[in-house]
Amino acid sequence: MAHNTGTMGNLPSGIGICTTIPDILYVPELIFGGLVWILVACTLVVPHNPQGWVMFVSLFCFIMTFIWVVVFACGVHQNKGRWAAADFIYHGIAAFFYLSASVALARVTLEITDSNSRNYKLDVSAVVFSYVATLLYFFHTILSAIRWKSF
């Protein structure tokens, strides 16, 4: 008689989200996403369109990631595979959004002529944190895909 020796995926709940991969990335995603949001909000918003997109992405991902943390911490997922798929899809979309926002923010920052201005320094910091957030969401996407495939 054959035995299934494969391990089934497991979605953490409660404090387990602070100790498991990829869920441990929630905290840095919130920190760096919040920093992008705050730094862009502190700058002179010119031109409006790219900066508005960056604000939308950083605020949307911050709020959705916080909601996602609460959902996982409360155990709403009940360890079902479709939640693992939703985790993968959400983080993939967030990584794509952050990449597009990071490129737009970098372009706007390169167009600032006064490199000693406060806005320039804030934008450079926002670009760096935006790319860090992009990498965090990208790694979370890859690790969520691996977890999803183990269900």
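Fair warning: this is a prediction, and the values are worked out from it, not measured in the lab. (Residues numbered from 1 in each chain as written. Predicted model: local features only at pLDDT ≥ 70, side-chain atom pairs only at ≥ 80, totals over all residues. Heavy atoms only, no water.)

1. With respect to the nonpolar core
The tendency in soluble globular proteins is for nonpolar side chains to be buried as a group. To keep it simple, the criterion reads: Only buried residues count toward a nonpolar core, which is a set of Ala, Val, Leu, Ile, Met, Phe, Trp, Tyr and Cys residues joined through side-chain atoms within 4.5 Å. Only protein chains enter the accessibility calculation, which uses a 1.4 Å probe; a residue is then buried when its area is under 20% of its type maximum, exposed when over 50%, and partly exposed in between. Going along the chain from the N terminus, every DSSP run of H or I of four or more residues is numbered as a helix, and every run of E of two or more is numbered as a strand. Only heavy atoms matter for contacts: two residues are in contact if any of them lie within 4.5 Å across the pair.
Formed by 19 residues in total, the largest nonpolar core has its most connected members in Val40, Val54, Val57, Cys61, Tyr98, Leu105 and Tyr137. Mapped onto this core, the elements with two or more residues apiece are helix 1 (26-41), helix 2 (48-74), helix 3 (81-110) and helix 4 (118-149). For this core, the element with the most residues is helix 3, which contributes eight residues. In contact with Val40, not counting residues within four places along its chain, are Gln51, Val54, Met55, Leu105 and Ala126.

2. Quick word on the packing of aromatic side chains
Using the following cut-off: In this scheme Phe, Tyr and Trp rings, the latter by its six-membered ring, pair at centre separations within 6.5 Å, and the angle between planes marks the pair as stacked below 30 degrees, edge-to-face above 60, and tilted otherwise. Any Lys NZ or Arg CZ that is within 6 Å of a ring centre and within 35 degrees of that ring's normal is treated as a charge sitting over the ring.
Going through the model one piece at a time under the given rule, you end up with 13 aromatic pairs. Between Lys149 and the ring centre of Trp148, over which it is positioned, the NZ or CZ distance is 4.4 Å.

3. Thoughts on the packing of helix 1 against helix 3
Counted only if it meets this: Each axis is a line fitted through C-alpha atoms, and for a helix only the stretch in contact is used; angles between axes span 0 to 180 degrees, taken between their N-to-C directions. Note on terminology: angles under 35 degrees are roughly parallel, angles over 145 are roughly antiparallel, angles of 65 to 115 are roughly perpendicular, and the others are oblique. Crossings are classed by handedness, with left-handed meaning an anticlockwise turn of the near helix from the far one by less than a right angle and right-handed meaning a clockwise turn. By the convention adopted, Pro, Cys, Tyr, Trp, Phe, Met, Ile, Leu, Val and Ala count as nonpolar, Lys, Arg, Asp and Glu as charged, and the other residues, Gly among them, as polar.
Close contact between helix 1 and helix 3 brings their axes to 13 Å; oriented N to C, the two are set at 30°. The angle between helix 1 and helix 3 falls in the class roughly parallel. Taken as a pair, helix 1 and helix 3 cross one another with a handedness that is left-handed. Residue-level inspection shows Tyr26, Glu29, Gly33, Val36 and Val40 of helix 1 in contact with helix 3, the latter providing Asp87, His91, Tyr98 and Leu105. Counted by class, the contact of helix 1 with helix 3 contains five nonpolar, two polar and two charged residues.

4. Comments concerning the environment of Thr141
Relative to the helices and strands, Thr141 resides in helix 4. A residue is classified by how much of its surface remains accessible, and Thr141, at 9% relative accessible area, is buried. Separated by 54 residues in the primary sequence, Thr141 and Asp87 place their C-alpha atoms 7.9 Å from one another.

5. Remarks on the confidence of the model for the protein
Inclusion rule: As a per-residue measure, pLDDT tells how confident the predictor is, with possible values from 0 to 100.
Counting all residues, the mean pLDDT for the protein is 88, and 93% of those residues have values of 70 or more. Throughout residues 1-7 the model reports pLDDT below 50, and contacts reaching past four residues in sequence, or to other chains, amount to one contact.

6. Structural notes on the pattern of salt bridges
Stated precisely, the cut-off is as follows: The rule for a salt bridge is simple: a side-chain nitrogen of Lys or Arg has to be within 4 Å of a carboxyl oxygen of Asp or Glu.
One pass over the structure, following the stated rule, counts three salt bridges. Asp87 serves as the salt-bridge partner of Arg147, at 2.7 Å between the closest nitrogen and oxygen. Of this pair, Arg147 sits in helix 4 while Asp87 is found in helix 3, placing the two residues 60 residues apart along the sequence. We note a salt bridge from Glu111 to Arg107, for which the minimum N-O separation is 2.7 Å. By relative accessible area, which is 46% here, Glu111 ends up partly exposed. A relative accessible area of 41% places Arg107 in the partly exposed class. The structure contains a network of salt bridges with shared partners spanning Asp23, Asp87 and Arg147.

7. A word on the state of the cysteines
Inclusion rule: What counts as a disulfide here is a pair of cysteine sulfur atoms lying within 2.5 Å.
Applying the stated rule across the entire model yields zero disulfides. Residue Cys42 stays outside any disulfide, its sulfur separated by 19 Å from that of Cys61, the closest cysteine. Counting only cysteine sulfurs, Cys18 is the nearest neighbor of Cys74, a cysteine outside any disulfide, at a range of 13 Å. Accessibility expressed as a relative area gives 59% for Cys74, which makes it exposed.

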